[in-house]
Amino acid sequence: MKTSMVTLKGQIVIPVEIRRKLELKKGNKVAIIEQEGGFLVRPLSKQYFEQFAGILPDKGKATSALLEERKKEQKLEDARPR
């Protein structure tokens, strides 16, 4: 088990071993899913979205659409001044 502290801004640090294992890099997005008594943090990667392929009867078209939308969002985020 790894631990982390919540900062004044509500931020937490994901331990380096976990970041390396999940190949998390600066700017990667994560989903925070509330569960009874806590929460789950999942990387929003291509693999995350691919797990939903085949759930709908349209043979993965929804997953492809989600991935395309995410690419567009990433381009907008990259173009935004920091």
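Reading the values: rules and limits
- Residues numbered from 1 in each chain as written.
- Predicted model: local features only at pLDDT ≥ 70, side-chain atom pairs only at ≥ 80, totals over all residues.
- Heavy atoms only, no water.
- Helix = DSSP H or I, 4+ residues; strand = E, 2+ residues; numbered from the N terminus.
- pLDDT = per-residue confidence, 0-100.
- Salt bridge = Lys/Arg side-chain N within 4 Å of Asp/Glu carboxyl O.
- Buried < 20%, exposed > 50% of the residue type's maximum accessible area, 1.4 Å probe, protein only.

Colleague: Is there a simple way to think about the environment of Glu 36 in this case?
Modeller: Along the chain, the position of Glu 36 falls in the loop between β1 (30-35) and β2 (38-43). Put simply, Glu 36 and Ile 14 are 22 residues apart on the chain and 21 Å apart in space, counted from C-alpha to C-alpha.

Colleague: Explain the confidence of the model for the protein to me, please; I cannot follow it from the model alone.
Modeller: A low pLDDT means the predicted coordinates there should not be read in detail. On average, residues of the protein carry a pLDDT of 85, and 90% of them reach 70 or more. Mean pLDDT across the elements of the protein ranges from a minimum in helix α2 (residues 46-50), with 74, to a maximum in helix α1 (residues 16-21), with 94.

Colleague: Can you help me understand the pattern of salt bridges in this one?
Modeller: Pairs can form between side chains of opposite charge whenever their charged atoms are close. Applying the stated criterion to the full structure yields five salt bridges. When the shortest N-O distance is used, the salt bridge between Lys 29 and Glu 77 registers 3.2 Å. With Lys 29 in the loop between α1 and β1 and Glu 77 in helix α3 (residues 61-79), this residue pair connects regions lying 48 residues apart in the sequence. When its relative accessible area of 36% is taken as the criterion, Lys 29 is described as partly exposed. For Glu 77, a relative accessible area of 18% translates into the label buried. Residues Lys 71 and Glu 68 are paired through a salt bridge, measuring 3.4 Å at the closest nitrogen-oxygen approach.

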